[in-house]
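Understanding the architecture of this molecule
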Amino acid sequence: MATEVRFTHKSLVESCKKGHSGSQYELFELYVDAMFNVSMRFLSSKEDAEDVVQDSFVDAFKSLKSFKYESSFGAWLKRIVINKSINHLRAKRITVVPMDDHEFHLTNDETLEVDAVDIKKVQLGISKLPKGYKQIINLYLIEGYDHVEIGEILGIATATSKSQYHRAKKKLVKIIKEL
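Here goes a summary of the coordinates provided. In this text the structure is predicted, and so the values were computed from the model without any measurement.

1. A look at the packing of helix H2 (residues 21-43) against helix H4 (residues 73-91)
- Where H2 meets H4, the closest approach of the two axes is 9 Å, and the angle between their N-to-C directions is 35 degrees. Two packed elements cross with a definite hand, and for H2 against H4 that hand is right-handed. Contact with H2, carried on its side by Leu-27, Tyr-31, Met-35, Val-38, Ser-39, Phe-42 and Leu-43, involves Phe-73, Gly-74, Leu-77, Lys-78, Val-81, Ile-82, Ser-85, Ile-86, His-88 and Leu-89 of H4 and no other residues of that element.
- Partitioning the contact of H2 with H4 into residue classes produces 12 nonpolar, four polar and one charged.

Written as structure tokens, this is what we have:
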């Protein structure tokens with residue numbers, strides 16, 4: 001029997017739409033840790049991530065009537081958290097530098113063997129990246145967005161997203177090799 005993933009928490013969502021605070025609390029408890037982790041990957045500040053997650057839940061519950069089950073509730077909420085995290089960074093004037101006029105080519109020498117790299121080194125390497133590079137790496141590698149979506153989220157050209165990703169990846173490889 002196949003289960004439709006999008007409808008996993010449909011009864012809770014529907015109950016929330018009717019204004020039941022107990023259901024809101026249940027949904028909050030189900031997703032708060034995951035959404036905090038998503039926000040932390042962007043903000044690197046516990047306090048900022050907590051604020052963004054709280055604001056995201058408030059906005060999500062206010063606009064829940066517009067949720068049409070075109071994706072899972074978790075995916076919909078994650079998109080809100082990512083957008084709010086990026087907007088928070090924008091408010092702090094941390095931007096991605098456009099690289100439209102540059103061309104970058106990476107060779108296969110720049111790649112790492114996945115088995116040879118300790119996950120802790122990768123996490124540490126990502127944490128040492130400049131904010132703009134960290135955003136691109138998080139959106140592309142960790143959150144799974146493609147360059148068109150990243151361009152829309154960050155308000156940059158697709159080519160800029162691609163070039164920033166390649167530069168970020170090159171820098172990440174260098175950082176990891178030095179660890």
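2. Quick notes on the pattern of salt bridges
- Tallied over the full model, the rule gives five salt bridges.
- The residue Lys-17 makes a salt bridge to Glu-14 at a minimum N-O spacing of 3.5 Å. One end of the pair, Lys-17, and the other, Glu-14, are both in helix H1 (residues 10-17), three residues apart, so they sit about a helical turn from each other.
- A cluster of three or more residues bridged by salt bridges with shared partners is formed by Arg-41, Lys-78 and Glu-143.

3. Quick look at the packing of aromatic side chains
- Within this structure, the stated rule accounts for eight aromatic pairs.
- Taking the centre distance of 5.9 Å and the plane angle of 90 degrees together, the rings of Phe-67 and Phe-73 count as edge-to-face.
- Joined through ring pairs, the aromatic side chains of Tyr-31, Phe-67, Tyr-69, Phe-73 and Trp-76 make up one cluster.
- Looking at Lys-10, its charged tip hangs above the ring of Tyr-69, at a distance of 5.2 Å from the centre.

Conventions we followed
Residues numbered from 1 in each chain as written. Predicted model: local features only at pLDDT ≥ 70, side-chain atom pairs only at ≥ 80, totals over all residues. Heavy atoms only, no water. Axes fitted to C-alpha atoms, helices over the stretch in contact; angles between N-to-C directions. Helix = DSSP H or I, 4+ residues; strand = E, 2+ residues; numbered from the N terminus. Left-handed = near helix turned anticlockwise from the far one by under 90°. Contact = heavy atoms within 4.5 Å. Nonpolar A, V, L, I, M, F, W, Y, C, P; charged D, E, K, R; others polar. Salt bridge = Lys/Arg side-chain N within 4 Å of Asp/Glu carboxyl O. Phe/Tyr/Trp six-rings, centres within 6.5 Å; stacked < 30°, edge-to-face > 60°. Lys NZ or Arg CZ within 6 Å of the ring centre and 35° of its normal.

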